[in-house]
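# Commentary on secondary and tertiary structure
Here are the chains, one letter per residue:
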Amino acid sequence: MSDDTALETDATELLRTLIRNACVNDGTPASGQEVRNADALEAYFAGSGLSFQRYSSGPGRVSLVTRIEGSDRKAPTLLLMGHTDVVPVNATGWSRDPFAADVVDGIVWGRGATDMLNITTTMAVAMRRLAKSGFRPKGTLIYLGVPDEEAGGTYGAKFLVDQHWDAVKADYVITESGGVPIPAPDGIKLPVTVAEKGINWRRLVVKGTPGHGSMPFRTDNALVTAAEVVRRIGTYQPKAKILDEWRRFVSEIGLAPEMTAALTDPDRVLEAVHHLEPLGLARLAHACTHTTFSPNVVHGGSKINVVPDRIAIDVDVRALPGVSPLDVDAMLKEALGDLASRVEIEAPRSQEGSRTPIESPLVDAMARVTQALVPGSKIIPRMTGGGTDARYFRWKNIPSYGFALHSQRIPYTEYPLMFHGNDERIDTESLRLSATMWEALCRDFLG
Ligand SMILES: [Zn+2]
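Residues numbered from 1 in each chain as written. Predicted model: local features only at pLDDT ≥ 70, side-chain atom pairs only at ≥ 80, totals over all residues. Heavy atoms only, no water.

The strand order E12-E14-E10-E15 describes an open sheet built from 4 strands, whose pairing is antiparallel. Looking at strand neighbours, the two that pair on one side only are strand E12 (292-300) and strand E15 (343-350), the edges of this open sheet. Between one strand axis and the next, the sheet turns by 25 degrees as a mean value, whatever way the strands run. As judged from the 6 bridges shared by strand E10 (residues 198-207) and E15, these two strands associate in the antiparallel manner. (Pairing = 2+ DSSP bridges. Helix = DSSP H or I, 4+ residues; strand = E, 2+ residues; numbered from the N terminus. Axes fitted to C-alpha atoms, helices over the stretch in contact; angles between N-to-C directions.)

Following this line, the structure appears as C-alpha cells:
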C-alpha cells in the first residue's frame, strides 16, 4: 500500500469511528457525550508517544489535549482545534443512515462528515504521524478535541479559555471551516475564514389584554400585534456595510465585473443580490454585507377561546463585525417603529463578531504548503455568518483561522447545503489532502 493510500484509509477509518459515536449535541447539558470521541481519539493516538490531558466541564463533556513541545521558546505555538460534537439529524431526509458512516465510491456519508469531524480527524492523523516520526519542532504544536461547539462552546472552547487557559494558550489557532476550492477563471481559490458575525439572539415579548374569543371586536390581541411585528422584522433591511474581507473575497471568485462592482457598493448590493444566482451565493452575499434578522420561533396563546395577552418571538440576529449588541437593539427599535413601545426586548445572547488579519506568517505558510499541493491556487479571505470556536481566541487577540484542504470532487456550492443539513458527506481524497496539508504546514511553520 502506498503511503498516500495508507493515509487515506487511516483518516477514513478514524472519521467513521467518530461519526458512529454519534455525539449529538441538542443544546441540553446532558447531550453531546463527547467523551466517546475523546476516548476514540485517545485510542487512536495510542503508541505514538503522545500524552494527554482531559478537561471535563460536566458529565460526558470532555476535552482532549495533546501536545508536541517545541525546543525554542521564542518560536510560535500553533493550536489545531477540532470539535467532536455534531448537530441532531432528521433521518427521514437522508439517503443513508446518518450514523452508519457508509463509504460508497470514495465518499463517507454521515453527520459530521463536513462539520467538522473530517477536520478533527485529519488534524489528529497529522498529529499522530508527526509524533511517530519523532518531529521535534522549534514551536509547540497543540491538538485539541473539544465538545459543545454546536451549542456555543460553553462546555468546550469557552470553558477552556476561561478556566484552563494555560492548556490551550497559543499564538495561532486553526479550526473550521475553509479550504473548499472555488474554481475561478484565473485559478483555484482557497478561502481561509478570517471573520465571523456576532450571534445575537433576541426575544421580543408582545403584550396585549386578555378577553373572550367570542367577542374580538376592539380587543388588544397580542398575536395580531405580533403578526405585524414579525412582518416588520422580516422585511427590515439595515444599511449595507462592505467589509474588506467581503470585498477581497468577491473580487476573487470570477463574477462578471459589473456584478462584482454592485456587490461591493453599499448602495447597490441589496438590489444586486435579488438577481444573483445561485441562491446560495445570493444568501451569502446578503449575509456578508448586512446585519440580518430572522424571526424563527413564536411562543404564545393558551386556549382557542381566549384572546392572548402575551406572545414571544425569538429572532436570530447576526451582526457584522463592528456592530455591537447595543447597535442591534437600536436596529430592532428602528424596525419596530411605532410598535417599539409595545414590545419588550430580552437578550439571551449578545456577542460581538470577530476578525483576524489575513496577513500573518501562518497564512504565508498555508500559501506555501497549498501551492505545492494545488499548483496555481491562491488563498483568499472569507467571512462566515455562522459561529465557530475561533471567536473565543480572536476575542483575546489571537490570530485564528478556519481552514482545511478539500478536493473538487464535491462542488463548493454543495457545502453550504450539507452543514447541519441532510446527506452530509465527504470524499476520502479530501481527507488525504487535508491530513497531508496539516502535516506539511506544521513542518513548515513550526520548523
Ligand atoms: Zn462545526
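Still more to cover.
A few words now on the coordination of the zinc ion. Within the protein, the zinc ion binds to His-83 (NE2), Asp-115 (OD), Glu-176 (OE) and Glu-176 (OE); these donor distances fall in the range 1.8 to 2.4 Å. Each of the 4 donor atoms around the zinc ion contributes to a set of angles spanning 57 to 150 degrees, which defines the coordination as irregular. Sequence spacing of the donor residues for the zinc ion, all on one chain, is H-x31-D-x60-E. Of the two residues, Asp-115 sits in the loop between strand E5 (107-109) and helix H3 (117-132) while Glu-176 sits in the loop between strand E7 (172-175) and strand E8 (182-184), which places them 61 residues apart along the sequence. Each member of the pair, Asp-115 as well as Glu-176, is classed as buried. (Donors = N, O, S within 2.8 Å, 3.2 Å for Na, K, Ca; no water. Tetrahedral: all angles 85-135°; square planar, octahedral: opposite > 155°, others 65-115°. Buried < 20%, exposed > 50% of the residue type's maximum accessible area, 1.4 Å probe, protein only.)

What follows covers the sheet that holds strand E19 (residues 425-427). Ordered by their spatial adjacency, 3 strands build an open sheet running E4-E5-E19, and the pairing between neighbours is antiparallel. In this open sheet, the two edge strands, each paired with only one partner strand, are strand E4 (103-104) and E19. Of the strand pairs in this sheet, E4 and E5 are connected by 2 bridges, and their pairing is antiparallel. Bridge assignment links Val-103 to a residue of E5, and that residue is Val-108.

Considering the arrangement of structural elements, one finds Ser-177 in the loop between E7 and E8. A polar contact of 3.3 Å, which involves the side chain of Ser-177, links it to the side chain of Arg-382. Apart from residues lying up to four places away in sequence, Ser-177 is in contact with Thr-193, Arg-382, Gly-402, Phe-403 and Phe-419. (Polar contact = N/O pair within 3.5 Å; in protein donor to acceptor, adjacent residues only side chain to side chain. Contact = heavy atoms within 4.5 Å.)

What follows concerns the environment of Glu-42. By the element assignment, Glu-42 lies in helix H2 (residues 35-45). Within the local environment of Glu-42, its side chain forms a polar contact with the side chain of Arg-54, the two groups lying 3.0 Å apart.

By the element assignment, Arg-443 lies in helix H15 (residues 428-446). By relative accessible area, which is 36% here, Arg-443 ends up partly exposed. As for Arg-443 and Leu-281, which are separated by 162 residues in sequence, their C-alpha atoms are 35 Å apart. Sequence-distant contacts of Arg-443, that is, excluding residues within four places in its chain, are made with Leu-130, Ser-133 and Phe-135.

Throughout the structure, instances matching the rule amount to 38 salt bridges. Of the charged contacts, one joins Arg-61 and Glu-34 as a salt bridge, the two residues approaching to 2.8 Å between their closest N and O atoms. Of the two residues, Arg-61 is situated in the loop between strand E1 (52-56) and strand E2 (62-68) and Glu-34 in the loop between helix H1 (3-20) and H2; the sequence distance between them amounts to 27 residues. Judged on exposure class, the residue Arg-61 and its partner Glu-34 are both buried. Taking the shortest distance from any N to any O, the salt bridge between Arg-111 and Glu-424 comes out at 2.7 Å. Here Glu-424 lies in the loop between helix H14 (415-418) and E19 and Arg-111 lies in the loop between E5 and H3, a separation of 313 residues in the sequence. On the basis of relative accessibility, which here comes to 2%, the residue Arg-111 falls in the buried class. On the basis of relative accessibility, which here comes to 1%, the residue Glu-424 falls in the buried class. (Salt bridge = Lys/Arg side-chain N within 4 Å of Asp/Glu carboxyl O.)

Evaluation of the coordinates by the stated rule reveals 8 aromatic pairs. Ring centres of Tyr-392 and Trp-395 lie 5.5 Å apart, and the angle between their planes is 85 degrees; on these two criteria the pair is classed as edge-to-face. The residue whose ring lies beneath Arg-128 is Tyr-44, and the NZ or CZ to ring-centre distance is 4.1 Å. (Phe/Tyr/Trp six-rings, centres within 6.5 Å; stacked < 30°, edge-to-face > 60°. Lys NZ or Arg CZ within 6 Å of the ring centre and 35° of its normal.)

On to the side chain of Glu-424, then. Here Ala-113 takes part through its backbone nitrogen, which lies 3.2 Å from a polar atom of the side chain of Glu-424. At 3.0 Å, the side chain of Glu-424 forms a polar contact with the backbone nitrogen of Thr-114. Those residues in contact with Glu-424, other than ones at most four positions away along the chain, are Trp-94, Val-108, Trp-109, Gly-110, Arg-111, Gly-112, Ala-113, Thr-114, Asp-115 and Met-418.

What follows concerns the pairing of strand E17 (residues 378-384). Counting buried residues in E17 gives 5 out of 7 residues, a clear majority hidden from the surface. Judged from the 7 bridges that link them, strand E9 (residues 187-196) and E17 form a sheet pairing that is parallel. Paired with Glu-196 across the bridge in E17 is Thr-384.

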